Amino acid sequence: MSYVRLEAWIGGEWLEVDAVSVTVMDSALTLSFEHQRTESGYRSLIWEPLEKFLREYRDEPLVVVPLGRNLPVMFGPGAAGPFRLAEMRDA
């Protein structure tokens, strides 16, 4: 079996993304990402919501939270990314 995950280019390597968030008027809006097994799943549940989120909040600083890391990474307005979808094989 294989699955698809979202990754971001952070610090010179591709890291799996757990969440992307933005703070607007003291409210944090967060998208979190689960592994998907089907193409339609990753398109509709990962990629399309992320594209919409990045367009809607392109004028705000974004925080990307790599999976399994303690330190989130902040990007200035319009600077987040790049992102990619990566297919992984189960061990």
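Before any of the text, the structure's been laid out above.
Here goes a summary of the coordinates provided. Just so it is clear, the structure is predicted and the values come from calculations on it, not from any experiment. (Residues numbered from 1 in each chain as written. Predicted model: local features only at pLDDT ≥ 70, side-chain atom pairs only at ≥ 80, totals over all residues. Heavy atoms only, no water.)

Description of the overall build of the chain
The helix and strand tally for the chain stands at one helix and six strands. The order of helices and strands in the chain, counted from the N terminus, is β-β-β-α-β-β-β. The C-alpha atoms of the chain give 13 Å as radius of gyration, which agrees with the globular expectation for 91 residues (12 Å, within 12%). A principal-axis box enclosing the C-alpha atoms of the chain has dimensions of 40 × 25 × 20 Å. Once local pairs closer than 6 in sequence are excluded, the contacts in the chain between residues at least 24 apart make up 61%. (Helix = DSSP H or I, 4+ residues; strand = E, 2+ residues; numbered from the N terminus. Rg over C-alpha atoms; globule rule 2.2 N^0.38 Å. Contact = heavy atoms within 4.5 Å.)

As for helix α1 (residues 39–56)
Its 18 residues place the ends of α1 24 Å apart at the C-alpha level, agreeing with the 26 Å of an ideal helix rising 1.5 Å per residue. All of the buried residues along α1 are G41, Y42, I46, W47, L50 and F53. Residues of α1 that are buried in the fold lie against β1 (2–10), β2 (13–24), β3 (27–32), β4 (62–66) and β6 (83–89). (Expected span 1.5 Å × (residues − 1). Buried < 20%, exposed > 50% of the residue type's maximum accessible area, 1.4 Å probe, protein only.)

Side note on the pattern of salt bridges
If you walk through the whole model with that rule in mind, you get three salt bridges. Two residues, R5 and E16, come together in a salt bridge whose shortest N-O distance is 3.2 Å. Remark: E16 occurs in strand β2 and R5 occurs in strand β1; sequence separation between them is 11 residues. The exposure class of R5 is buried, given its relative accessible area of 17%. As a salt-bridge pair, R84 and E7 come within 2.6 Å of each other at their nearest N and O atoms. Highlighted residues: R84 in strand β6 and E7 in strand β1, separated in sequence by 77 residues. Classification of R84 by relative accessible area gives partly exposed; the value is 33%. By relative accessible area, which is 3% here, E7 ends up buried. Linked by salt bridges that have partners in common, R5, E7, E16 and R84 make up one network. (Salt bridge = Lys/Arg side-chain N within 4 Å of Asp/Glu carboxyl O.)

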